[in-house]
Amino acid sequence: MTAAYVALEGGHVLEGRGRAPGTAHGELVFTTAYTGYEESLTDPSYEEQVLTFSYPLIGNYGVREERFEDDRVHPRAVLAKELTADVVDWLDSEGVPAIDHLDTREVVTDIRDGGAMKCGIAVGEDVTQEDALDELAACKSMSEHTDIGTQVSVDEPIVHGADNDGPDVALVDCGAKGSIVDSLLDRDATVHVLPYDVAAADVDALDPDVLFISNGPGDPANYEDAISLVQAFVEETPVAGICLGQQIVAEALGGTTTKMTFGHRGVNQPVLDLESGQVVMTTQNHGYTVDDPGDHLEITQVNVNDDTPEGLDGIQHDIITRQYHPEANPGPEDTLDFFDDVLAMAETHATTAVPADD
Ligand SMILES: NC(=O)CC[C@H](N)C(=O)O
């Protein structure tokens with residue numbers, strides 16, 4: 001049998017069944033999602049993390065490319081109670097180690113008690129516990145990945161929907177899920193997908209109707225270029241953000257962010273809209289949160305479980321952000337109207353903007 005070890009921060013080593021070989025390390029996190037494993041495994045926000053599925057059976061409806069959010073698997077390794085052969089074959093072909101027959105209740109309890117932690121993975125015929133411990137020793141914390149954007153962003157700008165009639169969206173790609181682009185295209189927008197460190201002059205040249213900061217992995221404080229971009233454009237251009245995007249907008253406007261103990265990852269996170277009093281079910285995948293929105297943003301939505309900010313609006317500026325994933329995929333589609341609100345904001349700006357003097 002193929003040996004499989006997970007070395008947890010603190011030195012405790014778990015043993016499971018090796019399904020896809022390899023060694024890896026990353027921050028150990030869990031998702032409670034009971035569906036959407038293809039979308040989660042291709043979500044760039046999972047870069048440099050090891051993903052534990054708490055739902056016991058993963059892979060029961062196969063693997064289909066049309067459900068992918070990106071062109072590769074992003075978690076460094078995958079842990080589960082039971083993985084089907086379809087998922088194992090896929091992970092194997094991508095070189096991503098996979099382990100099952102783990103007591104994932106124990107793994108999740110460890111993460112809930114100890115917080116998201118570093119881990120080392122070793123799977124293979126000849127691997128030992130020492131190999132997993134060596135991987136653990138090589139593991140950095142998420143905030144130490146100071147240039148993680150380069151691993152998940154486009155290298156060059158890409159335009160989608162150039163002939164569309166809707167607003168021009170400058171989407172700063174910090175690891176954008178494909179569904180965010182699709183949600184904007186579905187609403188007739190032209191989407192300019194831009195590198196995470198795009199220069200302000202290049203955004204200016206596009207004269208976008210909205211600056212949209214995507215989701216993405218890691219510590220928002222490390223995205224200095226995107227933070228500066230928001231500061232440079234917020235007076236003149238509407239701003240939107242999803243997940244990491246909300247955190248970057250808060251950082252840019254005098255707010256603060258903080259690392260959560262074990263984050264929110266799942267497809268049934270309840271969110272309360274403070275104005276309407278309505279609760280919606282949302283998809284989430286984040287380990288950081290806005291701590292203090294600062295003086296320029298107001299909290300419009302909160303997480304029912306722990307009161308963390310889930311939506312922000314600009315007080316003086318046109319800004320809308322969400323901490324959850326309104327594009328769903330996986331998860332409930334209760335919140336797709338976020339994209340209508342963003343594009344309405346962009347259109348209002350486009351029709352009321354005062355032309356610059358020659
Ligand atoms: N999905 C995301 O955009 C994740 C945001 C950020 N990297 C976090 O973990 O909080």
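Residues numbered from 1 in each chain as written. Predicted model: local features only at pLDDT ≥ 70, side-chain atom pairs only at ≥ 80, totals over all residues. Heavy atoms only, no water.

> I tried to follow the domain arrangement of the chain on my own but got confused; where do I start?
According to the domain assignment, the chain contains domain 1 (3–140) and domain 2 (149–352). Relative to domain 2, the C-alpha centre of domain 1 lies at a distance of 28 Å. Each side of the interface is counted separately: domain 1 has 26 residues, and domain 2 has 20 residues. A buried area of about 1900 Å², summed over both sides, lies between domain 1 and domain 2, and 49% of it is on carbon and sulfur atoms. A per-residue breakdown of the area domain 1 buries against domain 2 is headed by P44, S45 and E69, which together make up 28% of the total. Summed over the shared surface of domain 1 and domain 2, the number is one salt bridge. E27 is paired through a salt bridge with K259; the nearest N and O atoms lie 2.5 Å apart. Summed over the shared surface of domain 1 and domain 2, the number is 11 residue pairs in polar contact (both at pLDDT 80 or more). Counting residues per element, the ones that place at least two in the side of domain 1 that touches domain 2 are β4 (22–31), α1 (37–41) and α3 (104–114). (Domains from an automatic or database assignment. Contact = heavy atoms within 4.5 Å. Buried area = accessible area lost by both parts, 1.4 Å probe. Salt bridge = Lys/Arg side-chain N within 4 Å of Asp/Glu carboxyl O. Polar contact = N/O pair within 3.5 Å; in protein donor to acceptor, adjacent residues only side chain to side chain. Helix = DSSP H or I, 4+ residues; strand = E, 2+ residues; numbered from the N terminus.)

> Just to check I follow, could you spell out the sheet that holds strand β3 (residues 17–20) for this structure?
Two pairing modes exist for strands in a sheet, parallel and antiparallel, and in both the strands are linked by backbone hydrogen bonds. Spatial ordering of the open sheet is given by β2-β1-β10-β4-β5-β7-β9-β3, a layout of eight strands whose pairing is mixed. Edge strands, defined here as strands with exactly one partner in the open sheet, are β2 (13–15) and β3. Strand-to-strand twist of the sheet, defined as the mean angle between neighbouring strand axes without regard to direction, takes the value 30°. Pairing geometry for β4 and strand β10 (residues 117–124), over seven bridges, is antiparallel. Paired with H25 across the two strands is G120, which belongs to β10. Running over the sheet, helix α2 (residues 85–93) touches β3, β7 (77–79) and β9 (98–100) and is turned about 65° from β3. Relative to β10, helix α4 (residues 129–138) is tilted by about 145°, and along the sheet it contacts β1 (3–8), β2, β4 and β10. (Pairing = 2+ DSSP bridges. Axes fitted to C-alpha atoms, helices over the stretch in contact; angles between N-to-C directions.)

> Help me understand the site of the ligand in this model?
In the vicinity of the ligand lie 13 residues, with G216, G218, N285, G287 and Y288 positioned nearest. Residue G216 places a main-chain N or O atom 2.7 Å away from a nitrogen atom belonging to the ligand. Between the ligand and H325 there is a distance of 3.1 Å, counted from a nitrogen atom to a side-chain nitrogen or oxygen. Of all the cavities here, the one that holds the ligand is the largest cavity. If you tally residues by element for the shell around the ligand, the top one is strand β17 (residues 279–292), at four residues. Of the residues belonging to the shell around the ligand, the class tally is four nonpolar, nine polar and no charged. (Near = heavy atom within 4 Å. 1 Å grid on protein atoms, 1.4 Å probe; cavity = no way out; pocket = protein on both sides within 12 Å on 5 of 7 lines; lining within 4 Å. Sits in = over half its atoms within 2 Å of the grid points. Nonpolar A, V, L, I, M, F, W, Y, C, P; charged D, E, K, R; others polar.)

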